[in-house]
Amino acid sequence: MDYQKSAYEKWTKNALIERIQTLEADLLRAGENIPQTAQELTKPTTPEDATTTSTTPNDVAGLTKKKKKESKIDPSKYTTRLVAFKLAYLGKRYGGFEYADHANLPSIEEELWKAFTKACLIFPENPDVVNWNAWEYSKCGRTDRGVSAFGQVITVRVRSNRPLPELETESAEADEFNDFADELPYCRMLNKLLPPDIKILAWCPQTPAGFSARHDCRERQYRYFFSQPAFAPLPRNLENPVMRRATKVKNGWLDIEAMRIAAKKFEGHHDFRNFCKIDANKPNMKFDRTILECDIVEVNDAETALPYLNRDEFRPASTSDADLGEKLPKFYYFHVRGTAFLWHQIRCMVAIIFMVGQGLEDPSVVDRLLDTEAEPRRPNYSLANETPLVLWDCIFPREENPEMALNWVYVGEENPFNQHGVTGLVNDMWEYWRERKMDELLASQLLNIITSQADIRLRKDPKAAPYIPATTRLFEGGNKERLVGKYQSLMTKVRVPSPEEAFEKEAKRKGYADVADWREKKAQVMAKAVARAGEPTGGNSCSSGGVE
């Protein structure tokens, strides 16, 4: 029983649902009642639900009709090859990139696993259990819940059409194996099986032996997108005079130039402990990181016309963005390039940048937080919203390992119809994009209608307040601002424990004398593991790669 429990814990959600349906159908065919626990799972909660959600034996049997026997592929008849894939995904409906046993939302890795196993590119003993260990799998970044990626890289050892070694001599006189005419169409196969918000963009036919998507990455690039204005601005005559005097920037708008000044301060090698979330389970973690470039960049050709924003009452009177142009809102992104990043580092950096952009903090606050000797503990501020963040690209190889370079072949370069055909990548994404573009268009038209119909100067209700309440509307990257009352400056906020304090507390909770004892024991365990494997340690075990 314990074995069954532990086995089922690692099953994917779809596999568990299919298993339950199969068991219910077996019970019904045997003339038995469905167990009480299963009945409760399908029991409607209201009389109205009963008309639509009640489950009958015929329904269950219909759901679990025996599938046609699938012809299995014999792995022994195929060679394998290590292949690097570049993929993109929109992370809004996923619980992150990495698969977790007890997650409430599906992960990108789970969807990849299902596609690779269904395409018979890998041959796990149990396809229902996500376990990449046997396939030389590696990933470049570990994006969190809701975060997207347009340049994520993974490596997997997959099935190949290359002839088996014993057959090579027989076909010595045959034409040389062609990676495009003779090989399996990996990208096309996977894109047919993946959800519409996950796509394989490219593959590398000559992936170097021993290549690691994580350790061989030289640079990771992130972009965090936002609009200008950040949230719906108020007409000038409704703004509270107290709040108007307290901030330099009109409510809803951002001072892009001030944000740019603050962003530039991140460039270089710094200790970013005040710009990340501390993982108390990693007592050897180092917080020094190198930022190669950091800036605020306008997105070209992304305007969505909301004409009401051009009226004087909504526009900022005099800011560094006086030349806003005719089409509003505008869109920008926080651009950052670095070798590796800490947990939630970019969202912490963006949260501070937004405070600066709203005129709530001076750009010099970045300098103060980077001075960890003066400020060893992070102020307890909220992270920026996760959805606008994108892992934009991963660059290879590291300068010291030029042999690990990747020469990408993008979808369409091997056959143009794989990009522009009826079932091509462009057609698939066009359908996905157009549905959302029409939603945006209709919403913008409705918003323009709403803002043009009412004459708010009439004030027919004599009890209507003259101004909005005196409360700070804080922008944190989401679709709506957060009301925080009187703004508390960043450097006066309560501080979270320093990394050493967090590590010390966790060490004692785990039963160690202190954090030094914990580190010593971990080093001993690692040394024994290395000795058993007969390999040198090599590398920095604390390197976090891309973990946003």
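About the criteria used
- Residues numbered from 1 in each chain as written.
- Predicted model: local features only at pLDDT ≥ 70, side-chain atom pairs only at ≥ 80, totals over all residues.
- Heavy atoms only, no water.
- Disulfide = S-S within 2.5 Å.
- Buried < 20%, exposed > 50% of the residue type's maximum accessible area, 1.4 Å probe, protein only.
- Helix = DSSP H or I, 4+ residues; strand = E, 2+ residues; numbered from the N terminus.
- Axes fitted to C-alpha atoms, helices over the stretch in contact; angles between N-to-C directions.
- Left-handed = near helix turned anticlockwise from the far one by under 90°.
- Contact = heavy atoms within 4.5 Å.
- Nonpolar A, V, L, I, M, F, W, Y, C, P; charged D, E, K, R; others polar.
- Pairing = 2+ DSSP bridges.
- Polar contact = N/O pair within 3.5 Å; in protein donor to acceptor, adjacent residues only side chain to side chain.
- Patch = residues over 30% accessible without salt bridge, like charges linked within 9 Å, V, L, I, M, F, W, Y side chains within 5 Å.
- Areas by Shrake-Rupley, 256 points an atom, 1.4 Å probe, with all protein chains shown as cover.
- Salt bridge = Lys/Arg side-chain N within 4 Å of Asp/Glu carboxyl O.
- Parallel < 35°, antiparallel > 145°, perpendicular 65-115°, else oblique.
- Phe/Tyr/Trp six-rings, centres within 6.5 Å; stacked < 30°, edge-to-face > 60°.
- Lys NZ or Arg CZ within 6 Å of the ring centre and 35° of its normal.
- Core = buried A, V, L, I, M, F, W, Y, C linked by side-chain atoms within 4.5 Å.

Caption draft 1: Molecular detail of the state of the cysteines. The full count for this structure, using the stated rule, is 0 disulfides. Of the cysteine sulfurs around C394, a residue in no disulfide, the closest is that of C140, at 3.3 Å. According to the relative accessible area criterion, C394 is buried, its value standing at 3%.

Caption draft 2: Unusual backbone geometry, seen in detail. Going from Q228 to P229, the amide bond is cis rather than trans, its omega being 10 degrees. Relative to the elements of secondary structure, P229 occurs in the loop between strand 5 (219-228) and helix 9 (241-246). Looking along the chain, the bond that leaves F396 and enters P397 is cis, with omega of -5 degrees. Within the secondary structure layout, P397 lies in the loop between strand 9 (389-395) and strand 10 (409-410). One non-glycine residue, E136, lies in the positive phi region at around 50 degrees. Within the fold, E136 resides in the loop between helix 6 (108-118) and strand 2 (138-139).

Caption draft 3: Examining the packing of helix 10 (residues 256-264) against helix 11 (residues 345-357) more closely. Orientation of helix 10 relative to helix 11, taken along the N-to-C sense of each, is 145 degrees, at an axis distance of 8 Å. By crossing handedness, the relation of helix 10 to helix 11 is classed as right-handed. For the pair helix 10 and helix 11, contact is made by A258, M259, A262 and A263 and by I353, F354, V356 and G357, respectively. Counted by class, the contact of helix 10 with helix 11 contains 7 nonpolar, 1 polar and no charged residues.

Caption draft 4: Here's a closer look at the pairing of strand 8 (residues 330-338). Among the 9 residues that make up strand 8, 7 are buried, leaving the element largely enclosed by the rest of the structure. Pairing analysis gives 9 bridges linking strand 5 to strand 8, with the strands arranged antiparallel. Residue pairing across strands places F226 opposite Y332, the latter belonging to strand 8. Pairing between strand 7 (residues 288-298) and strand 8: 7 bridges, direction antiparallel. By the bridge assignment, E298 is partnered in strand 8 with Y332.

Caption draft 5: Structural context of the environment of E373. The topology assignment puts E373 in the loop between helix 12 (365-370) and strand 9. For E373, a relative accessible area of 77% corresponds to the exposed category. Linking E373 and D271, residues 102 residues apart in sequence, is a C-alpha distance of 9.9 Å.

Caption draft 6: Geometry of the side chain of E476. Within the secondary structure layout, E476 lies in the loop between strand 11 (473-474) and strand 12 (482-483). What makes E476 buried here is its relative accessible area of 18%. Only 2.7 Å separates the side chain of E476 from the side chain of R482, close enough to count as a polar contact. The residues touching E476, leaving out its near neighbours within four places in the chain, are Y224, F354, S382, L383, A384, N385 and R482.

Caption draft 7: Highlighting a nonpolar patch on the surface. Together, L446, I449 and I450 make up a nonpolar patch on the protein surface, roughly 280 Å² of accessible area in all. Following the sequence through the fold, I450 ends up in helix 14 (residues 425-453).

Caption draft 8: Highlighting the packing of helix 15 (residues 499-509) against helix 16 (residues 515-533). One can describe the packing of helix 15 onto helix 16 by two numbers: an axis separation of 8 Å at closest approach and a directional angle of 75 degrees. Taken together, the axis directions place helix 15 and helix 16 in an arrangement best described as roughly perpendicular. Residues E500, F503, E504, E506 and A507 of helix 15 pack against V515, W518 and R519 of helix 16. Looking at side-chain class alone, the contact of helix 15 with helix 16 contains 4 nonpolar, no polar and 4 charged residues.

Caption draft 9: Just the packing of aromatic side chains, in detail. Taken as a whole and assessed by the stated rule, the structure comprises 23 aromatic pairs. Measuring from centroid to centroid gives 5.2 Å for Y222 and F341, while their planes differ by 85 degrees, and the two rings are edge-to-face. With Y222 in strand 5 and F341 in the loop between strand 8 and helix 11, this pair connects stretches of sequence that are 119 residues apart. Each member of the pair, Y222 as well as F341, carries the same accessibility label: buried. Grouped by ring-pair contacts, the aromatic residues F85, W113, F116, W132, Y137, F180, Y186 and W203 constitute a single cluster. Geometry around Y78 places R159 over its ring, the cationic atom sitting 4.9 Å from the centre. The ring of Y381 is capped by R378, whose NZ or CZ atom sits 4.9 Å from the centre of that ring.

Caption draft 10: Region of interest: the nonpolar core. F85, L112, F116, F275 and F334 are the most contacted members of the largest nonpolar core, which totals 102 residues. In terms of residue count, the dominant contributor to this core is helix 11 (10 residues).

Caption draft 11: Spatial organisation of the pattern of salt bridges. Under the definition given, this model contains 36 salt bridges. Note that D295 and R260 form a salt bridge whose closest N and O atoms lie 3.3 Å from each other. With a gap of 35 residues between them, D295 in strand 7 and R260 in helix 10 connect regions that are remote in the sequence. Overall, the relative accessible area of 17% leaves D295 in the buried class. Between E293 and R337 there is a salt bridge; the shortest N-O distance is 2.9 Å. One end of the pair, E293, is in strand 7; the other, R337, is in strand 8, with 44 residues separating them in the sequence. Exposure remark for E293: the relative accessible area of 26% places this residue in the partly exposed category.

Caption draft 12: Representation of the environment of E506 within the structure. Structurally, the position occupied by E506 is in helix 15. The class for E506 is buried, based on a relative accessible area of 12%. Remark: the alpha-carbon pair of E506 and N281, spanning 225 residues in sequence, is separated by 7.1 Å. The contact partners of E506, leaving out residues within four places of it in the chain, are A280, N281 and W518. Engagement of the side chain of E506 in a polar contact is seen with the side chain of R509, the distance being 2.7 Å.

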